[in-house]
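Working through the structure, step by step
Here is how the chains run, residue by residue.
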Amino acid sequence: MMQVFAFYLFASIVLASGAFCIFARNPVHSVLWLILAFFNAAGLMVLVGAEFIAALLVIVYVGAVAVLFLFVVMMLDIDFAELRAGFMKHLPLGLLLALVLVVEIIFGVGTWQSSGMGEATAAVGPPAGAPSNIEQLGALLYTKYVFLFEAAGMILLVAMVGAIVLTHRNRGGVRKQNIADQVARRPEDATRNTQPEVGKGVEL
């Protein structure tokens with residue numbers, strides 16, 4: 001009964017946060033709702049005994065959402081001063097969501113342990129002396145699928161460089177950096193020895 005309740009709890013929050021992610025007008029709020037959806041999806045994975053996939057959802061996907069947040073900031077030029085202005089107004093909602101996440105984690109882990117799924121997972125695991133599931137996955141990923149893995153990394157790199165190039169804007173009044181002038185600069189050109197009078201500051 002507890003497993004069914006936990007499943008419907010996590011699944012309903014995943015669906016609700018996904019809907020809020022789509023219909024939110026602020027892109028930053030959409031990213032935060034997406035993070036909530038990933039956390040609850042990780043809770044569903046914990047319920048079925050897939051702890052490794054749950055960890056991947058939190059580490060990889062939430063980390064990818066952080067990169068997505070960076071792209072959104074770069075492409076839309078969001079005014080953070082305006083966002084920070086409503087910090088106190090949204091603080092109770094943020095604390096409520098944080099409390100919900102903590103309660104879900106405790107509830108999911110407690111349900112997984114009380115239902116005996118940990119013992120069942122260990123019973124059907126590899127025999128003694130055999131490599132673990134993570135070791136087998138790593139060996140398969142870096143041997144048979146190593147070229148696909150590297151290709152995925154190159155695609156992500158090209159996407160990041162493309163986002164930077166597309167969002168690069170020529171702004172007026174910005175001093176450009178000249179590496180050659182900085183390298184050729186001498187110490188006597190960068191510093192100036194002065195002897196100010198007592199009680200007077202240095203003239204800049």
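Everything numeric in this text was worked out from a predicted model, so none of it was measured. (Residues numbered from 1 in each chain as written. Predicted model: local features only at pLDDT ≥ 70, side-chain atom pairs only at ≥ 80, totals over all residues. Heavy atoms only, no water.)

**Focus on the overall build of the protein chain**
- Across its full length, the protein chain carries ten helices and zero strands.
- Starting at the N terminus and ending at the C terminus, the protein chain contains elements arranged as α-α-α-α-α-α-α-α-α-α.
- With 204 residues in all, the protein chain has 19% of them scored as buried.
- Of the contacts made within the protein chain by residues no fewer than 6 positions apart, 69% connect residues no fewer than 24 positions apart.
- Summed over all atoms, the accessible surface of the protein chain reaches about 15,800 Å², with 70% contributed by carbon and sulfur. (Helix = DSSP H or I, 4+ residues; strand = E, 2+ residues; numbered from the N terminus. Buried < 20%, exposed > 50% of the residue type's maximum accessible area, 1.4 Å probe, protein only. Contact = heavy atoms within 4.5 Å. Areas by Shrake-Rupley, 256 points an atom, 1.4 Å probe, with all protein chains shown as cover.)

**Considering the nonpolar core**
- Val 31, Phe 38, Ala 41, Ala 42, Val 46, Ala 54, Leu 57, Val 62 and Val 65 together form the largest nonpolar core, which totals nine residues.
- Put simply, the parts of the chain that give this core at least two residues each are α2 (27–47) and α3 (51–76).
- The leading source of residues in this core is α2, at five residues.
- Excluding anything up to four places from it in sequence, Val 65 contacts Val 31, Leu 34, Ile 35 and Phe 38.
- By size, the runner-up hydrophobic cluster in this structure holds five residues, among which are Ala 6, Leu 44, Leu 47 and Phe 107. (Core = buried A, V, L, I, M, F, W, Y, C linked by side-chain atoms within 4.5 Å.)

**Quick look at helix α1 (residues 2–23)**
- In this model, α1 (22 residues) spans 32 Å end to end at C-alpha, consistent with the 32 Å of a helix rising 1.5 Å per residue.
- Taken together, the buried positions of α1 are Ala 6, Phe 10, Ala 11, Ile 13, Ser 17 and Cys 21. Seen end-on, α1 carries its buried residues on one side only, within an arc spanning 160°. Turned more than 90 degrees from where α1 packs its buried face, Tyr 8, Leu 15, Ile 22 and Phe 23 sit exposed. (Expected span 1.5 Å × (residues − 1). Arc of directions from axis to C-beta.)

**Structural notes on the packing of α1 against α2**
- Where α1 meets α2, the closest approach of the two axes is 8 Å, and the angle between their N-to-C directions is 160°. Taken together, the axis directions place α1 and α2 in an arrangement best described as roughly antiparallel. In this structure, α1 crosses over α2, and the sense of that crossing is left-handed. Between α1 and α2, the residues in contact are Gln 3, Ala 6, Phe 7, Phe 10, Ala 11, Ile 13, Val 14, Ser 17, Phe 20 and Cys 21 and Ser 30, Trp 33, Leu 34, Leu 36, Ala 37, Asn 40, Ala 41, Gly 43, Leu 44 and Leu 47, respectively.
- Per-class residue counts for the contact of α1 with α2 are 15 nonpolar, five polar and no charged. (Axes fitted to C-alpha atoms, helices over the stretch in contact; angles between N-to-C directions. Parallel < 35°, antiparallel > 145°, perpendicular 65-115°, else oblique. Left-handed = near helix turned anticlockwise from the far one by under 90°. Nonpolar A, V, L, I, M, F, W, Y, C, P; charged D, E, K, R; others polar.)

**Focus: the environment of Ser 114**
- Secondary-structure assignment places Ser 114 in helix α5 (residues 87–114).
- Residue class for Ser 114 comes out exposed when judged on its relative accessible area of 60%.
- Measuring from C-alpha to C-alpha, the distance between Ser 114 and Gln 3 comes to 9.6 Å, with 111 residues separating the pair along the chain.

**Thoughts on the side chain of Asn 40**
- As for its position among the elements, Asn 40 is in helix α2.
- By relative accessible area, Asn 40 is classed as buried at 0%.
- Sequence-distant contacts of Asn 40, defined by excluding residues within four places in its chain, comprise Phe 10, Ile 13, Val 14, Leu 101 and Glu 104.

**Structural notes on the layout of surface pockets**
- By volume, the second largest pocket is sized at about 310 Å³.
- Surrounding the second largest pocket, Phe 52, Leu 56, Val 60, Tyr 61, Leu 137, Phe 149, Ala 152, Gly 153 and Leu 156 form its lining.
- Where the lining of the second largest pocket is concerned, the elements lending two or more residues are α3 and α8 (146–167).
- In terms of residue class, the lining of the second largest pocket is made up of eight nonpolar, one polar and no charged. (1 Å grid on protein atoms, 1.4 Å probe; cavity = no way out; pocket = protein on both sides within 12 Å on 5 of 7 lines; lining within 4 Å. Points joined across faces, edges and corners; volume = space filled by probe spheres on them.)

**Here's the deal with the environment of Phe 7**
- By the secondary structure assignment, Phe 7 is in helix α1.
- Judged by its relative accessible area of 42%, Phe 7 is partly exposed.
- For the pair formed by Phe 7 and Val 48, sequence separation is 41 residues and the distance between their alpha carbons is 9.5 Å.
- Apart from the residues lying within four places of it in its own chain, the contact partners of Phe 7 are Leu 44 and Leu 47.

Any link to function would need more than the numbers given here.
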